[in-house]
Each structure stands twice: as C-alpha cells, then as structure tokens.
Amino acid sequence: MAFLQTEQLFTKKWFISYTYIVVGTFLVAMGYVYFITPYKIVPGGIYGISIVLHYVFGTPVGLTALLFNIPLTIIGTRLLGPRFGTKTVVGFIMTSVFVDAISYFSQYKPLVENDPFLSSVFGGALVGAGVGLIFKSKATSGGSDVIAMIIARYTRLPLGQLMMAVDSCIVLIGFIAFGDWRIPLYSWITIFVMGKTIDAVLSGVNYEKTIFIVSEKHQEIRDKIINDLNRGGTFLQGEGMYNGQNKKVIFTVVNRRELAMLEEFINKIDPKAFLTIMDAHEILGQGFKSLHDKLED
Amino acid sequence: MSFLQNEKIFSAKWIKSYLLIIIGSFILAAGFVFFINPYNIVPGGVYGIGIVVHHLTRETFSFWPTGIPVGLFGLVLNIPLTLIGIKVLGPRFGVKTVVGFVLTSVFMDFLTYFFGENDPLGLKDDVFMACVFGGVLIGFGLGLIFKSKATSGGSDIVAMIISKYTRLPLGQLMIYVDSVIVLFGLVVFKDWRIPLYSWIVIFVTGKVIDITMQGVSYDKMLLIISSEFELIRSKIINDLHRGGTFIPGKGMYNNTDKTIIFTVLNRREMAMLQEYIHQTDPHAFMTVVDANEILGEGFRSLSEKVEEL
C-alpha cells in the first residue's frame, strides 16, 4: 500500500490540492490566533504545547510549533517509513507562518473579549474546518499524531485511542502550567467541536436518507420510486425469519422531501409495511454526487 | 403534484393543525422576545432583519421610541414575499403559512409589550446561554409549525426563488440567505459577537427542528453475518419477540454462501443479543447502524406517523 500520493506539478488537481492547503492552514491559524491562544486554551497537539510555552517563556507560537514538527516528521519518517509527503510539510510550515504573521497583527488579543466559552466553540470550528480542508488535500496533520503513530506501532494499541491519550496529556500539561480548572474544560469543548467539524467538512452535511422497506406491495412501491421520484433502488431477496416466507426488501436512498412523499404513498397502499430510515452520511453515485466528483473536486 | 393541503374545516385534523400552528407561533415568538431580541442577535430570517431595523429606527418615530417593532416589520416583509412567492412558484403557500406568520408577529409584539425588551430574564451576562435556549425555542416552534404542513415563509421564500432559477440546492441557499442577514447584523452593530452568537442560534435551531420533526430514536439496525444464523434467529423471534429478514449473501473472499440477518432492535435488546451471539458464535460479524426512525410492526406504525397530525 502506498501512503504517498504523487501528483504532477501544476495540473488542475495539484492546484486544487494546494488551494485547500493554503485556505485550510489560514483557517487553522485564524482559529488559534483569534480564539484559542488569547484565552490560554490548550486543545492538545503541537499547538497546545506551543501555547503553554508561549505563556511560560514568551516564545512565538508558530515558530515553536515548527521546531517541534521538523524533528517529529524526521523521526516519523525514519520509524514509520515515507508516510509524510511534501504536502504535509508545506501544510505545517504555512500554518506556523500564518500563526506568527496574524499574531503580529492581533497582538495576542482575542476577537471577542470576555467570552472564553464562545471562543472555545468557534476556535474549534475554525481549526476543525481548516484541518478538514488540509485532510481533503490528502496531507496529514503531522505533529502530535506522529507520536501516537509511533506508540501505536510499538504497543499495538488502537491509534484513535492513543491520539486521544496524547492530546489529553497535553491538555493536562496546560492545566498544570496555568493552574486553572477552566483550561481543561474549555479545551475539551474545543477538541469536541474540532472533531465534529472535521467530520462535517470531510463527508459534508447531508440530508439524504437510506431506507430499507419490507412490504408485500414492493412492486407498487418500486413503480413510485422509479417513475414518480425518479430514483433508483435495489431489491434484496429475503426470507422472513418468523415463517420462512419469501420477501423482497427495497434498498433505496432519497432526500427528506421525497421520503415524506414516499411514506404518504406507502401508507395508502400498505400501512403495515416495515421501514427503517437512516441518515446517510454520504451518497455517491447516480442521482447524487458521483464518486468521480468527490475525488476530483 | 399539489403542494396545497386541503383539510375540511373543523375536522379533528384541521383543529389539530391549527393548534400546532398557534402553539408553535407562540413558542417561536417567545424564543425571540426572551432570548434573541434583547441582545441584538441576528439569526437570519425576516425577524433577523426586523431586529436590525428596530435598532436602526431608534428614536425615529415618536410613537415607537425604541424603533419599529420587530414583529410588525417581519409581517411587513412577509406579506410581499408571500405574494411574490405565489407569483413565481405557484400556489405553494396555503392559509396555514399566512396564519402562522401573522400569529408569530402578533405574539412577538404583544410579549414585547408585556415583558419589555430590556433583558427580561436577566441573562445579559450569559448571552451564550440565551443563544442556546433561544435556538431551542425557535427550533421547537418552527418544528411544530412544519408538522402542521405549513411553511415558515419569510426568507425561505427568497431561497426558494433563487433555487428555482439557479438550480442550486435549497438547503445550501437557505444557509447563504441567512448568512447574508447575519453579516448585515455585523455591519450595523459593528460587534464580532453578533455573527458568532447568531451562528450558534442558527445551528441549535436546525438541530431542534430535526428532533421535533422526527423524534430522537435509540433504535438500531443490525446486519449480522454468522454461521449460527438459525440459533440467532430463534433468539430474536422467541426471546426478543422481534421480526427480521434473512438475506442470502456470498462471501467476497471465497464465494461461500452466507445468510445475513437484517433486524431492528432497541438498545437494550441489542445488548442482550450481542451477549448471546458472543456465546454462540464469537466470530460473528455485526454491523450496527443508528436508525433515525423505524416504522412498522413492533414499532410506531406508518399510519400513526402519516396521520399523526
């Protein structure tokens, strides 16, 4: 399995990738500079450590982070193989540059004074949106995740858990350094919002529903879906577990509005139908965004 | 396809619809009066514009010393928007939509008159909390109005018209239209807090509308692949008293025939089943998906849902 993505220089795809990285790192930097750093929130990661060091020794946040990222990436490459491409390096350098440049203008003052809760939420949202865009360009976030990857390799513990453990340690360092209980609490809010926002950016916010319909009137329902809603679907050949009767299960995806129309219709012809409705996180294919669009955009 | 719902006047369904609209409009108006308007938050929509205009017209009219009432201004915007909407989009907006927005405006201005507009609940040191609860009330009120099959009218009509000509998805356009109104608030009030608080209100409102309309479900859909499907079947049918469907499948690795069990359970039943499967076939493969909504035998029936209203 190749972890490194190679793209030709100056193609459209290359251009889009780097646009994501530039916009993403800018958003990350705005989040740190205007919302997180001024309130001494320590949301894990290299930037969490750099924020603690900034308040203890007065070092610039971006430069400190860069000084951590370079050796970590080198150690990571030696221990884990060539996993981190040019894009990862470009990403963390730009983040550092943006953070220190914007800090120069902001003078470490928050955008909104006296409201750390609001700032922890929007700091998480901005950093999450930025990191999501960076991930979209297929770069990794580098930094403290490398530590988790190395520990995972030697201990065989699950990576997701280790990332949380590493971040929690950094949050606790913030608590010890600043001696204020509010720091870990606000930091966990930021971490939570960040995680949710990364997911939303990566898979999009989606109002489509996946439905499984078990009904005697599968033929009529099929006609409604195909002819009136102009959607596709798949019949699964099933057998009732209760009495071994043959059944057809309809598997289809519709949007919220179509779902209401379909429910109304099914209720008319077979009120005893069995429907399971789920949020689809992402639908790719005919009638929706195509897989091709997703990977190329 | 007809968008207008015809209901017989004074039938049970009609009375229920209008009760939902009255209660929904009242809760919606209360959300604005107690939590949003006093702190100049601008959460999109015609009332968002109303809040900005209210502030801009302070001391302009002698009979409205604090500015044009928010409800009245919302109404003044809603009437032409609805007329334009009907012209451009066809008769999509029924009597219920009109009753909904008229009632919301009336409730809003009456509540403001009785409770004042100067920090009625004393939350000025905790505007964040006001935003969250304002969003909850607005979302709940709108959810009830939507349940009666009325639309919210207002700025959504602008989004629908743009959507008709540009073919962009409606959900996205609604967010854009509201965001423009939020930024209008930033420009007028010149305070970064306004857009940030406003986005919190918009976010909470959206979530609460969804919860109000579809409920919170703790039911799980399970796809189980196990060689012991017969044993698992009898556990589900005989002990848990649930139904299910066998779906024949083929393993992708070596083409062996497999039987997939497709069933839906609540959280507790799922825990019991997992315990059982763990004992009978520890190698079973199970996919658990949160179901938003289950309709049919053993759960709420489809007719209950469609006719609920």
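Treat the numbers as computed from the prediction; the structure is a model and nothing was measured.

The rules behind these values
Residues numbered from 1 in each chain as written. Chains lettered and ligands numbered in written order. Predicted model: local features only at pLDDT ≥ 70, side-chain atom pairs only at ≥ 80, totals over all residues. Helix = DSSP H or I, 4+ residues; strand = E, 2+ residues; numbered from the N terminus. Rg over C-alpha atoms; globule rule 2.2 N^0.38 Å. Buried ≥ 20, exposed ≤ 12 C-beta atoms within 10 Å, placed from the backbone. Contact = placed C-beta atoms within 7 Å. Domains from an automatic or database assignment. Pairing = 2+ DSSP bridges. Axes fitted to C-alpha atoms, helices over the stretch in contact; angles between N-to-C directions. Nonpolar A, V, L, I, M, F, W, Y, C, P; charged D, E, K, R; others polar. Expected span 1.5 Å × (residues − 1). Core = buried A, V, L, I, M, F, W, Y, C linked by C-beta atoms within 7 Å. Parallel < 35°, antiparallel > 145°, perpendicular 65-115°, else oblique. Left-handed = near helix turned anticlockwise from the far one by under 90°. Arc of directions from axis to C-beta.

J.: Any chance you could explain the overall build of chain B here in plain terms?
T.: Summing up its helical and strand segments, chain B has 11 helices and five strands in all. For a compact globule of 309 residues, the expected C-alpha radius of gyration is about 19 Å, and chain B comes in at 25 Å, more than 25% above that figure. In terms of principal-axis extent, the alpha carbons of chain B reach across some 80 × 50 × 40 Å.

J.: What is the right way to read the overall build of chain A from this model?
T.: A tally of regular secondary structure across chain A gives 11 helices and four strands. Scaling as 2.2 N^0.38, a compact globule of 297 residues should have a C-alpha radius of gyration of about 19 Å, whereas chain A reaches 24 Å, well beyond that. Sorting the 297 residues of chain A into buried and exposed places 40% on the buried side. Contacts spanning at least 24 positions in sequence make up 74% of the contacts within chain A whose residues lie at least 6 apart.

J.: When you look at the domain arrangement of chain A in this model, what are you seeing that I'm missing?
T.: By convention, interface size is frequently given as the accessible area that disappears when the constituent parts associate. Segmentation of chain A into domains returns domain 1 (12-203) and domain 2 (208-296). Distance from the C-alpha centre of domain 1 of chain A to the C-alpha centre of domain 2 of chain A: 42 Å.

J.: Before we go on, may I ask you to explain the sheet that holds strand β2 (residues 245-250) of chain B in this structure?
T.: Adjacent strands of a sheet form backbone hydrogen bonds with each other and so pair up, either parallel or antiparallel. Taking strand neighbours across the sheet as the criterion, the nine strands line up as β4(B)-β1(B)-β3(B)-β2(B)-β2(A)-β3(A)-β1(A)-β4(A)-β5(B) in an open arrangement whose pairing is antiparallel. This sheet does not close on itself; its edge strands, each paired only once, are β4 (285-290) and β5 (293-295) of chain B. Ignoring strand direction, the axes of neighbouring strands in this sheet form an average angle of 25°. Pairing analysis gives seven bridges linking strand β1 (residues 219-225) of chain B to strand β3 (residues 257-266) of chain B, with the strands arranged antiparallel.

J.: Looking at this structure, I do not really get the interface of chain A and chain B. What am I missing?
T.: With 30 residues of chain A in contact, the opposing surface of chain B contributes 31 residues. For the side of chain A that touches chain B, the secondary structure elements donating two or more residues are α5 (116-136), β2 (234-240), β3 (246-255), α10 (256-269) and β4 (274-279) of chain A. Looking at the side of chain A that touches chain B element by element, the count peaks at six residues for β4(A). Residue classes in the side of chain A that touches chain B are distributed as 18 nonpolar, five polar and seven charged.

J.: For this particular structure, what's the right way to read the pairing of β3(A)?
T.: Side chains on a regular strand alternate between the two faces of the sheet. Residue and element names in this part refer to chain A. Both strand β1 (residues 208-214) and β3 contribute to a ladder of seven bridges, which runs antiparallel. Each bridged residue has a counterpart across the sheet, and for I213 the counterpart in β3 is I250. Of the strand pairs in this sheet, β2 and β3 are connected by six bridges, and their pairing is antiparallel. Note on β3: the bridge partner recorded for L236 is V249.

J.: I keep staring at unusual backbone geometry and nothing clicks. Help me out?
T.: A negative phi holds for most residues other than glycine; trans holds for most peptide bonds. Although it is not a glycine, A:K40 adopts a positive phi angle of roughly 55°. Position of A:K40 among the secondary structure elements: in the loop between α1 (12-36) and α2 (45-57). For A:K40, a count of 19 C-beta atoms within 10 Å gives the class partly exposed. Backbone geometry at B:N40 places phi at a positive 55°, although glycine is not the residue there. Relative to the assigned elements, B:N40 resides in the loop between α1 (12-36) and α2 (45-56). Using a count of 19 C-beta atoms within 10 Å as the deciding quantity, one classes B:N40 as partly exposed.

J.: Help me understand helix α6 (residues 144-155) of chain A, please; the structure alone is not making it clear to me.
T.: Since there are 3.6 residues in each turn of an α-helix, residues three or four apart along the chain are aligned in direction. Residue and element names in this part refer to chain A. Here α6 contains 12 residues, and its C-alpha end-to-end distance of 17 Å stays within 8% of the 16 Å for a straight helix at 1.5 Å per residue. Turning to α6, its buried residues number three or more, namely S144, D145, V146, I147 and A148. Tucked into the core, α6 has its buried residues touching α2, α3 (61-80) and α7 (159-178). Looking one or two residues beyond α6, the residue adopting positive phi is R156, at roughly 65°.

J.: For this particular structure, what's the right way to read the nonpolar core?
T.: Nonpolar side chains in soluble globular proteins tend to be buried together. In terms of nonpolar packing, the biggest core is built from 105 residues, with A:Y32, A:L126, B:A29, B:F32, B:Y197 and B:V201 touching the most fellow members. Of the residues forming this core, the biggest block, 12 residues, is contributed by α1(B). B:V201 has contacts with B:I36, B:I41, B:P43, B:C131, B:G134 and B:G135, leaving out every residue within four places of it along the chain. Core analysis: the next-biggest nonpolar cluster, separate from the first, contains 33 residues, A:L259, A:F274, B:V264 and B:L295 among them.

J.: Looking at this structure, how should I read the pairing of β2(B)?
T.: Here β2(A) pairs with β2(B) via two bridges, running antiparallel. Looking across to β2(B), one finds that A:E239 is bridged to B:F246. Here β2(B) runs beside β3(B); their pairing, made up of six bridges, is antiparallel. Paired with B:F246 across the bridge in β3(B) is B:I261. Taking the residues between adjacent antiparallel strands as the criterion, β2(B) and β3(B) are bridged by six residues, where B:N255 takes a positive phi near 65°.

J.: Help me understand the packing of α1(A) against α5(A) in this model?
T.: Packed helices, taken two at a time, are described by the angle their axes make and the gap between the axes. Residues and elements named next belong to chain A. Packing of α1 against α5 brings their axes to within 7 Å, and their N-to-C directions diverge by 165°. One element, α1, and the other, α5, form an angle in the roughly antiparallel class. Relative to α5, α1 is oriented so that their crossing is left-handed. In this structure, α1 uses Y20, I21, V23, G24, T25, L27, V28, M30, G31, Y32, F35 and I36 to contact α5, whose residues at the interface are S119, F122, G123, L126, V127, A129, G130, V131, L133, I134 and K136. Broken down by class, the residue content of the contact of α1 with α5 amounts to 16 nonpolar, six polar and one charged.

J.: Whenever I open this one, α7(A) confuses me. Can you help?
T.: All names here are of chain A. Along its 20 residues, α7 runs 29 Å from first to last C-alpha, staying within 8% of the 28 Å computed at 1.5 Å per residue. Along α7, the residues that are buried comprise V166, D167, I170, V171 and G174. Along α7, the residues classed as buried sweep out an arc of 140° about the axis, all on the same side. Structural note: α7 exposes Q161 and I176 on the side pointing more than 90 degrees away from its buried face. In this structure, the buried residues of α7 make contact with α2, α6 and α8 (182-203). Backbone geometry just after α7 places G179 at a positive phi near 55°.

J.: Would you explain the environment of A:D167 in this entry?
T.: All names here are of chain A. Relative to the assigned elements, D167 resides in helix α7. Look at D167 and you get buried, because 21 C-beta atoms sit within 10 Å. The residues contacting D167, other than those within four sequence positions of it, are G44, G45, S144 and I191.

J.: Looking at this structure, how should I read the environment of A:I250?
T.: Residues and elements named next belong to chain A. Inspection of the secondary structure assignment puts I250 in strand β3. On the neighbour-count criterion, I250 (20 C-beta atoms within 10 Å) is buried. Here the alpha-carbon distance between I250 and I221, two residues 29 residues apart in the chain, equals 8.7 Å. For I250, the contacting residues outside a window of four places in its chain are I213, H218, I221, R222, G233 and F235.

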